[in-house]
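Observations on the three-dimensional arrangement
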Amino acid sequence: MDIDYYMKIQNAYGTKSKREKDLVKVNQNMAKHFEDTFDTEDVMINGSPKKLMIIKDTDGNVFKKKIKSCHDDKFNLGDYVIWNNQHWLIMAIDPDGKTWNRGYMYLCSLPLRWQNFEGKIIERWAYSEDFTKYSSGVVGNDKMQVGDNQYGLTIPIDSETVKLKRDIRFPIDCEGVEIPDFYKLSNRKSNLSNYEYFGRGGIMTLTASYAEFNPEKDKKVTLDDGSNVWIADYHSPADPPTPIPPDETTDLSVVITGNRGLKFGFLRTYTVKFTDKDGNEVTDCDFEWKVISDFPVEQVENGNEIKLKVNDENRIDESFVLQVIVNDKVLSSLTVTVISIF
Amino acid sequence: MANSSIVGDIKTKVISEIIQDEDLFRAINSPTISSFEASDKLVNTHIFRFDQNPDVVEKTITFITLQVHIPRSYSDNTFVKAQLEIFIISHVDCMKVNNIPKIIDNRNDYISRLLDNKFNGRTYLGTEDDPNKLQLYGSLDLVRNTEGAYRKYYLYRQMVFETKDVNDSLCDGGKYGG
């Protein structure tokens, strides 16, 4: 008889000892009877439907649940569990997964929103704790006082949250409030529960400290789902340079790239790129740079690059136009504004 | 007049002049008072006639406090010295003057420049159309203009002007009075 076939019918395939065989058998029985208890619930884990045994915490902490899943249904630190229309965050796991998977999940109470470098609005549900238990809520001196409050916020470690740095600000308040309280990230503890090196996820705890509302920078924006939310330090996603449509006579598309704000006293490089109607880069185009300005702009040309500089600080907030000319026709232009170095 | 009457008089005239100055109004850049016609609302929200902002600051703002001190008399007690002390305090996020074109000074420096231009060397206080201008004995001179950090995230500039007033003890029921 084929030994592999024999091991399969004995539920021992892939095992090396009787102990391992017994373990497989135990796990199979667990999976078979996993739904026999009232505690087993249908949940979504990171967007995928799963079965999870949700057991009340023995200490009576209703915001904390012990969770178990079948051996083959692993969950990781930082996974989100949607259960009962609630957002729960897995904040503890037993890394020993011989039998079933065990851990704890905590009830999240606030969606933390911020804007990443590219301008995209990121949202992560956070488990929050009071990190200022004995403060009166204000701090200062005889002359002025400001708010004093700190939240501890636990969120998953992922590609967006790892980019969070101190001083980034968040609105943290009830949804729909006219002007929410804002908080500044003052600390991030990313390696207290980080199991990513063995593939079991991770969570980080942020300290968010009260910061003043900035009417010029903090904006209410509309998300894709139509909801209006506050975003701290909101900036419009960078406008990509708009290529002028290919000219019928040249079939060239021309794009000038470079900073639209030129700090006075500093050389900045601007580059032009030519592409044909098929999108292929054209490298041998005969063109000329042209600067249209009411004030002196220092220019150093080097092929497809031009370096520009304005030395007169009185020109701050004034603009000039940089053009690319081919056969006496303007094929691309960029308006550059002189800005302060501060 | 009583020596201490100059305390209130200076504060009243200086504040009155500040809130009628559109450049200063723009420089203070209130997040809640956008119309110059409502510049009187700066008083007790952004301009205080004592050394304290009594409200918990919940927005990034610039505010000004005014104090008048009479530290000592001089000239054989003929005159008293009166000091006008102005603190300009800004949240660090307000330091860039991005609401007024072409200003590269930081906000505290810019406001102090405007106040210097407005008050330094003046021999009276009160606007041109003020029938009750406060005539000074001598001029109001800037004697100190320093800066520093007020507390975390707040920067200040401190300006001290000096002028003099006749010592009250020379008049009325004072030492030489009748």
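Before any of the text, the structure's been laid out above.
Reference entry: report on the structure contained in this document. The structure presented is a predicted model; accordingly, all values stated were derived computationally and were not measured. (Residues numbered from 1 in each chain as written. Chains lettered and ligands numbered in written order. Predicted model: local features only at pLDDT ≥ 70, side-chain atom pairs only at ≥ 80, totals over all residues. Heavy atoms only, no water.)

Quick look at the sheet that holds strand β13 (residues 182-194) of chain A
Residues and elements named next belong to chain A. Ordered by their spatial adjacency, six strands build an open sheet running β7-β8-β11-β14-β13-β12, and the pairing between neighbours is antiparallel. Every other strand in the sheet has two partners, leaving β7 (110-115) and β12 (169-171) as the edge strands with one partner each. Each strand axis lies, on average, 45° off the axis of its neighbour in the sheet, ignoring direction. Examined bridge by bridge, strand β11 (residues 150-156) and strand β14 (residues 202-211) share seven bridges and lie antiparallel to one another. (Pairing = 2+ DSSP bridges. Helix = DSSP H or I, 4+ residues; strand = E, 2+ residues; numbered from the N terminus. Axes fitted to C-alpha atoms, helices over the stretch in contact; angles between N-to-C directions.)

Focus: the sheet that holds strand β18 (residues 261-263) of chain A
Picture the strands of a sheet paired through backbone hydrogen bonds; they go either parallel or antiparallel. All names here are of chain A. Taken together, four strands build an open sheet; the order of strands is β18-β25-β24-β21 and the sheet is mixed. A strand with exactly one partner marks an edge of an open sheet, and here the two such strands are β18 and β21 (288-292). On average, adjacent strands in this sheet sit at an angle of 30° to one another, irrespective of strand direction. For β21 and strand β24 (residues 319-326), the ladder comprises five bridges, and the chain directions are antiparallel. Across the sheet, the residue bridging to I292 is V321, located in β24.

What about helix α3 (residues 107-119) of chain B?
All names here are of chain B. The end-to-end C-alpha distance of α3 is 18 Å, a good match for the 18 Å that 13 residues give at a rise of 1.5 Å each. Those residues of α3 not exposed but buried are R107, N108, Y110, I111, S112, L114, L115 and F119. The opening residue of α3 is N106, an N-cap whose side-chain oxygen sits 3.1 Å from the backbone nitrogen of N108. In the stretch just after α3, G121 is the one whose phi turns positive, near 85°. (Expected span 1.5 Å × (residues − 1). Buried < 20%, exposed > 50% of the residue type's maximum accessible area, 1.4 Å probe, protein only. Polar contact = N/O pair within 3.5 Å; in protein donor to acceptor, adjacent residues only side chain to side chain.)

Details of the pattern of salt bridges
Close approach of charged atoms allows side chains of opposite charge to pair. Summed over all chains, the structure comprises 23 salt bridges over all chains. One salt bridge in this structure joins A:D42 and A:K51, with 2.5 Å as the shortest N-O distance. On the basis of relative accessibility, which here comes to 57%, the residue A:D42 falls in the exposed class. A:K51 sits in the partly exposed class, given a relative accessible area of 29%. Here B:R157 and B:E147 are joined by a salt bridge, their closest N and O atoms 3.2 Å apart. Of this pair, B:R157 sits in strand β8 (residues 154-166) while B:E147 sits in strand β7 (residues 134-151), and the two are ten residues apart along the sequence. Three or more residues joined by partner-sharing salt bridges are found here, namely A:D312, A:R315, A:E318 and B:K102. (Salt bridge = Lys/Arg side-chain N within 4 Å of Asp/Glu carboxyl O.)

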